[in-house]
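# Report on the structure
The primary structure of each chain is shown beneath.
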Amino acid sequence: MNEATRVSGAPPSGARPKSAIRPLLNIDYLVFSSHKTATQSVKKSLNKTGLKCKHCHHPMNIGLDVSELPKLARRYKKRNGRKLPIITIFREPISRHISSFFQTHGWKPLSGKSRVSKEETIIYRLPVEDLIERFLSDVSNRTLRGRLEALDLISKGFDVPFEQMRFDPKAKRGFSEHETVSLHILRFDHLIGDFTTSLEQIAGRPIHQSNKNVTDDKWYNDKYASFKREIRIPEALIHRVYTERRHIIELMYEEPFDRVMESSIQKYG
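Residues numbered from 1 in each chain as written. Predicted model: local features only at pLDDT ≥ 70, side-chain atom pairs only at ≥ 80, totals over all residues. Heavy atoms only, no water.

### Some remarks on the side chain of His184
We apply this condition: In this description a helix means any DSSP run of H or I spanning at least four residues, a strand means any run of E spanning at least two, and both kinds are numbered starting from the N terminus. When accessible area is computed with a 1.4 Å probe and restricted to protein chains, residues below 20% of their type maximum are described as buried, those above 50% as exposed, and intermediate ones as partly exposed. Here a residue-residue contact requires only that any non-hydrogen atoms of the pair lie within 4.5 Å.
Following the sequence through the fold, His184 ends up in strand 5 (residues 181–187). The class of His184 is buried, set by a relative accessible area of 8%. With residues near it in sequence (within four places) discarded, His184 still touches Tyr29, Ile86, Ile87, Thr88, Arg173, Gly174, Phe175 and Ile202.

Structure, rendered in structure tokens:
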């Protein structure tokens, strides 16, 4: 092996790169959900029952590009004789962004950078008012890590027209069949309110809740609570965040879009 290969980690010339799709062909569910939507708790709870699950917030988390998702779904269907089952959870965007901000800056950035000690993080070093300023800047400039919505990535990557997705607010769950995927949709507040029932309705078997990566267990929980009490977000910024997700809000809530957005303005504005 030459020096360039050792440094870059690239396979030797002529070697076939290891497929990132192959390990995904045996799974029972792909938990493909936005950052800070209980994704890891859902995966862990399903795995504990004997189901095989992988989770991701973005295809790159499972070694794929968005453009490779159709190939994954086709190969899965061919091998298993059924469509790829996907579970995704939508969370109110402002609360999700706040949670993402704290996790990103509280221990390990989503970029994959090595974990740092809490004393090195801006969550530890900066007062709440400075953290609020940084958060507002990240949201305003669209630089907040984990800001993308998984439903948009699923729609684009698996060629699922958004208007064909289904969610019943009264039943608190959604299910739709598409050419190569079966899509289960949950809402975060409903999931947290009745975790086991939400998953049992999907899995068709008893589920024991196994939490992982929960904010209440983090060292920064007290500062997180103070941040949420003190933050005030400009109404125009909340309006922009919601308007960018209007198609999702109108799918996920029984109430009119303006009323849902107004609730967030009242809480954070």
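### Some words on unusual backbone geometry
For residues that are not glycine, phi is negative in most cases, and the peptide bond is trans in most cases. In the Ramachandran plot, Ala38 falls in the positive-phi region, its phi being about 65° despite a non-glycine side chain. Among the structural elements, Ala38 can be located in the loop between strand 1 (29–32) and helix 2 (39–48). For Ala38, a relative accessible area of 18% gives the class buried. Within the chain, Arg142 stands out as a residue other than glycine whose phi angle is a positive 55°. Inspection of the secondary structure puts Arg142 in the loop between helix 6 (128–140) and helix 7 (150–157). For Arg142, a relative accessible area of 42% translates into the label partly exposed.

### Details of a positive patch on the surface
Rules: Two distance rules govern patches: like charges are joined within 9 Å, and nonpolar side chains (Val, Leu, Ile, Met, Phe, Trp, Tyr) within 5 Å, applied only to residues with over 30% relative accessible area and no salt bridge. Shrake-Rupley sampling with a 1.4 Å probe provides the accessible areas, and residues are treated as covered by the protein chains on show and by no other component. Whenever Lys or Arg places a side-chain nitrogen within 4 Å of a carboxyl oxygen from Asp or Glu, that contact is recorded as a salt bridge. The charge count treats Lys and Arg as positive and Asp and Glu as negative. His and the chain ends do not count. The atoms used to mark charge sites are NZ of Lys, CZ of Arg, CG of Asp and CD of Glu.
Residues Arg22, Lys52, Lys71, Arg74, Arg75, Lys78 and Arg79 make up a contiguous surface patch of positive charge. For Arg75, the location among the structural elements is in helix 3 (residues 69–80). Judged by its relative accessible area of 32%, Arg75 falls in the partly exposed class.

### Section: the packing of aromatic side chains
Operational definition: Pairing of aromatic side chains requires ring centres within 6.5 Å, counting the rings of Phe and Tyr and the six-membered ring of Trp. Pairs whose planes differ by under 30 degrees are stacked, by over 60 edge-to-face, and all others tilted. Look at NZ for Lys and CZ for Arg. If either is within 6 Å of the ring centre and within 35 degrees of the ring normal, a charge sits over the ring.
On inspection of all chains with the given rule, the structure shows ten aromatic pairs. When the ring of Trp219 is compared with that of Tyr220, the centres are 5.5 Å apart and the planes differ by 75°; the resulting orientation is edge-to-face. Classification of Tyr220 by relative accessible area gives buried; the value is 1%. By way of ring pairs, the aromatic residues Phe101, Phe102, Tyr124, Phe135, Trp219, Tyr220, Tyr224 and Phe227 are connected into one cluster. The ring centre of Phe188 lies 4.2 Å from the NZ or CZ of Arg91, which sits over that ring.

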